Structures are given as structure tokens and as C-alpha cells.
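For reference, the chains in residue letters:
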Amino acid sequence: MKRTLPKGNYAVLARISTGITHTLGGRTVKVSGASKLTIDARQGRLVNLGLSPAPSGLSRTQGARICAEGAPFGGIELYVNGADSLYVIPSASKYLSYAALGYWNGYDAIGGYAVLHQTTKGVPSTTARVFSTAKLGAVTVDSRRGPSAGTSAQVDAQAVGGGCGDYMMASLGSSDRPSTSKLYLSPGKWDIRTSGSGTATNGEGRYVNHFTTNRTIAAGKAYFVRFFGAAWGPGTRLPATYQGRIVYELNDMLQDPNFPGVGSTYGSERTVKVKASLKLGGKTLKTFTPTSDRSAIDFRVKKAGWYTLTSTGTRYEPGFVFPAGMLSTATSVVFRFYAKKNTSGLTQTMAVQHVPAGLNGYNQAKPGSTTNVALRLSRYLKYGDMKKGANPKLKSLSTKISTDGGRTWRSVGVRKIGGVWHAIVPNPASGAVSLRTRATYTNGGYTEATVFRAYAIG
């Protein structure tokens, strides 16, 4: 194969496959005239990542990647399992690096092992490595059901600690039932990911969400992640004024409170239709509906005063079959805040989220029991060029519940437990509980958040 190239230094990466044998190789070459480069698969070394002791009843997948440092397209990679074999050709070039990922998983169940081996300079001649299971970290994954539009969930572990192995992914199972399982990972930084899927009206499968959280794994340490917990509702984003305009993003009306959407975590499902309005006093200034190219309120402040922003979200996904008994079917949030012209900063409000405790894998409480619902008040600054200002002072906190789908509401007790506000909810004998909490501030503003069918009784 011939190529005409400008003078310079190049990295050439290749994948060579013969039947069930696959080889990755890389070479660097300086082009200043006629140059010749040979990549010989016969020089490959077998990639063989193992565990001690070796797990039983699980299938192994191995992947390898060779990276060219500084290149816009970073590398070439391949994954194999079963009878296929994977080889890499060693290289001492400082412009090449190497990573290998091995993972072991089972069929129709969540859990397994994932290990990463990588180098920063060159491709090693020794590509076999055995990891002691005692020196792995253990992540307990509690994967629940109920609020997601999906009926099945897949769990993956993705290396994110930097280097050639960045974003190599281990698929560690899927299930259509609640499960509590363990992922055993080699030390380093990993994204723990889940993807929920369901069925479209044409019978085809469709992914409806992707949730991610990061863990820095240390040898022998234990960690915990919960996916698909209860009470998906308005997220942590707050209204703000930016250069004299009221701005508020509308795409977090269906957020898992365990994934607040800041830092290295994300957890918002988009199977929802949103409508919003902005009032000054009692007068409606504008209504908003997200479109494909705009999903935020953006309104210029012409007059100082008390504004009320209301956003509601209802489940909506064209061509998709929602599961029977789905939770978090609708949500709403109301913010009352003072705004004036030519200012920038967060409004003097807080986000309110509900976190029920003591539920089972289907996010159900026992009939006639009492559920303590933690009331999470937060105030995150998303944009670095905006002023956060002092947090508003809380004047009162009240919660109401509905057991008839929101037709009627009644107040329940709120008290601090271990320094955290909780609503104390007496559960009915059947059905589901909707939650509505209002945080009122001494400045005259408030936040009111509502989740319909926040959790079930079963």
C-alpha cells in the first residue's frame, strides 16, 4: 500500500485479522523522501489478562488499544471473546502508548469484574497480566425499577483516569428486574454507567436514559451506587439573571435526586413534555415550550419586581410504550424571586428534591407503614462567570401528600433527623404517594416542588 504524504513524522496504526486471530500494531516513521514501513503480525504478543483466583461461570472479554500521542484520532482498538485471540506488536516508540481492558460478566444478570492495564510510553513486550481479586475495589450497584420509562437496565464500567485506556468500556450485565450486585474493579477512576431501555410501539427496543457517576477505586475498598431510585422530579438547576435576562433551563424536570447533575454525575430522563410560564405579580409575561433548538427560558427584565416562574413536566415519548404502574408520571416546580434590570447572578432560591427511605427494589413502601422522606435543599452554581450570592434564609418548610393522584392534598409533619429535614409520611394501604414541598424564605420568595406518584405501595 502506497501513500503520498508531506514531509514529517507519522504514526501508522494497523489491525490485522486472520480468521479468529487479530493483531494490533503501531509504528512511527519519518517521511522525507521514499520511505518503507512494515508491520508484521507475526511479531505480536498475546493479550492475556487474568484474575486470581479465576471466577467461575462468567465469560471473559478482552480489548486492547494502541494510541498515537498527540494525534486528533487517538488510537486503534479491538475487543474479542470466545475462541478469538488478540495480539499486539511491541514497540519502544515514545509516541505510542497501550491499554488493555479485560472484563468478566454473566448472562442476564448485573455484576462481574473489570481490570485495566496501560502504559504511557511504548507498547510492552509483556502483555499477559494477572490481577489479584483481593486488590480490586468492590462497587455495590443497587439497580431498582419504577420511575424509568425503561423496563430493562444495562450496567457498564468505563475507565476515565487518563491515558490510552480512557473510555474503554466493560459491559457488566443487564436485567429487567431489580438487583443488588457487585462490580469488582481495578484501582483507578471509573465511570459507573447505566442505560435504561424499553419497547417502542413497533416492537423494537429503544434506550431512554443514560445515568453516570464517577468513583475513584482503591484496592480492597467498598463503594455504593443506586440507580433508578424513587421520586424523580425537578432537578437542581435554578433560575438566574444573566446580563439582565431571566434564564432557566427546562430539560431537568425528570431528574433522579441521586444524580443531581453537577460535577461528575448526571441523571435526567427526557421522556417528558415541558411547559413553563413567567409572571410578574399576577400578570403572565410569557409562556415557554422547549423546541429542538431551544430548551430554556430567556426573558429580558424590563421592570424590577417579584417574578413567578412555573414549569411542569408530563410523561411523553412518541412511539414508545410506557410500562404499567410507572412512577414519577408528572412533576412541577414554582419559583418566586425578586429580579431587576442589568444584573447577573443566581436568584435567591433553592432547589427542592425528595428522597424517600426504606423502599424495596420496585420503589414500594409497605402498606400502612411510615416513610421518612428526606427534603434535599441545594443551591448549585452551574456557570462560573455568574455570582452565586448568599443562600436565602429558610423561613418555613412544609410538605403535603396526595394518595389519589393529586386530586386532594393534606399536610404531613416535617422535622429534622440527623441534621436533615424529613417529611414523615403515613402510607395508605395501596396505590401511590405524590409529594409536594414548599420552602419559603425570609426574603419573601419560595420554591415549591411536586412529584406525582413519587413512590408506590406494595
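I will try to describe carefully the structure that is included in this document. (Residues numbered from 1 in each chain as written. Predicted model: local features only at pLDDT ≥ 70, side-chain atom pairs only at ≥ 80, totals over all residues. Heavy atoms only, no water.)

1. A look at the overall build of the protein
Part 1: A tally of helices and strands in the protein yields zero helices and 33 strands.
Part 2: Across the 458 residues that make up the protein, the buried fraction comes to 48%.
Part 3: The contacts of the protein with a sequence gap of at least 6 include a subset with a gap of at least 24, amounting to 70%. (Helix = DSSP H or I, 4+ residues; strand = E, 2+ residues; numbered from the N terminus. Buried < 20%, exposed > 50% of the residue type's maximum accessible area, 1.4 Å probe, protein only. Contact = heavy atoms within 4.5 Å.)

2. Side note on the pairing of strand E14 (residues 179-185)
Along any regular strand the residues' side chains alternate between the sheet's two faces.
Part 1: Side chains Ser 179, Ser 181, Leu 183 and Leu 185 project from E14 onto a buried face, and the interleaved Thr 180, Lys 182 and Tyr 184 project onto a face without burial.
Part 2: Across three bridges, strand E9 (residues 112-119) lies against E14 in parallel orientation. Bridge assignment links Ala 114 to a residue of E14, and that residue is Leu 185.
Part 3: Looking at chain direction, strand E11 (residues 137-143) and E14 are connected through seven bridges and run antiparallel. Residue Val 139 lies in a different strand from E14, and its bridge partner there is Leu 183. (Pairing = 2+ DSSP bridges.)

3. Let's talk about the packing of aromatic side chains
The geometry of two aromatic rings is summed up by the distance between their centres and the angle between their planes.
Part 1: Evaluation of the coordinates by the stated rule reveals 12 aromatic pairs.
Part 2: Relative to Phe 335, the ring of Tyr 248 has its centre 5.6 Å away and its plane inclined at 65°; by these criteria the two rings are edge-to-face. With Tyr 248 in strand E19 (residues 245-249) and Phe 335 in strand E24 (residues 330-339), this residue pair connects regions lying 87 residues apart in the sequence. Each member of the pair, Tyr 248 as well as Phe 335, is classed as buried.
Part 3: When the centroid spacing of 6.0 Å and the interplanar angle of 70° are considered together, the rings of Trp 409 and Phe 452 count as edge-to-face. Separated by 43 residues along the polypeptide, Trp 409 in the loop between strand E29 (394-402) and strand E30 (410-417) and Phe 452 in strand E33 (residues 446-457) bring together distant segments of the chain.
Part 4: A relative accessible area of 23% means that Trp 409 is categorised as partly exposed.
Part 5: Cluster of aromatic residues (ring-pair linked, three or more members): Phe 211, Phe 227, Phe 228, Trp 232 and Phe 259.
Part 6: Arg 436 extends its terminal NZ or CZ atom over the ring of Trp 409, reaching a point 4.1 Å from the ring centre. (Phe/Tyr/Trp six-rings, centres within 6.5 Å; stacked < 30°, edge-to-face > 60°. Lys NZ or Arg CZ within 6 Å of the ring centre and 35° of its normal.)

4. Some thoughts on the side chain of Thr 241
Part 1: In this fold, Thr 241 is placed in strand E18 (residues 240-242).
Part 2: Classification of Thr 241 by relative accessible area gives buried; the value is 7%.
Part 3: Side chain to side chain, Thr 241 and Thr 343 meet in a polar contact 3.3 Å long.
Part 4: Discounting residues that sit within four places of it in the chain, Thr 241 has contacts with Ile 246, Ala 339, Thr 343, Ser 344, Gly 345 and Met 386. (Polar contact = N/O pair within 3.5 Å; in protein donor to acceptor, adjacent residues only side chain to side chain.)

5. Remarks on the sheet that holds E14
Part 1: Read across the sheet, seven strands follow the order E6-E5-E8-E9-E14-E11-E17 without closing on themselves; strand pairing throughout is mixed. The sheet terminates laterally at strand E6 (75-81) and strand E17 (222-227), the two strands that pair on one side only. Neighbour to neighbour, the strand axes of the sheet diverge by 15° on average, direction disregarded. (Axes fitted to C-alpha atoms, helices over the stretch in contact; angles between N-to-C directions.)

6. Some words on unusual backbone geometry
Across residues other than glycine, the phi torsion is negative in most instances, and most of the peptide bonds are trans.
Part 1: Residue Pro 53 is bonded to the preceding Ser 52 through a cis peptide linkage, with omega at -5°.
Part 2: Phi is positive for Phe 228, which is not a glycine, with a value near 65°.
Part 3: Within the secondary structure, Phe 228 is located in the loop between E17 and E18.
Part 4: Positive phi outside glycine occurs at Asn 342, with the angle close to 60°.
Part 5: Relative to the elements of secondary structure, Asn 342 occurs in the loop between E24 and strand E25 (345-346).
Part 6: A relative accessible area of 69% means that Asn 342 is categorised as exposed.

7. What about the nonpolar core?
Part 1: In terms of nonpolar packing, the biggest core is built from 53 residues, with Leu 185 and Trp 190 touching the most fellow members.
Part 2: Not counting chain neighbours up to four residues away, the residues in contact with Leu 185 comprise Ala 114, Leu 136, Gly 137, Val 139, Ala 157, Leu 172, Trp 190, Ile 192 and Ile 217.
Part 3: Core analysis: the next-biggest nonpolar cluster, separate from the first, contains 22 residues, Ala 230, Leu 359, Val 433 and Ala 449 among them. (Core = buried A, V, L, I, M, F, W, Y, C linked by side-chain atoms within 4.5 Å.)

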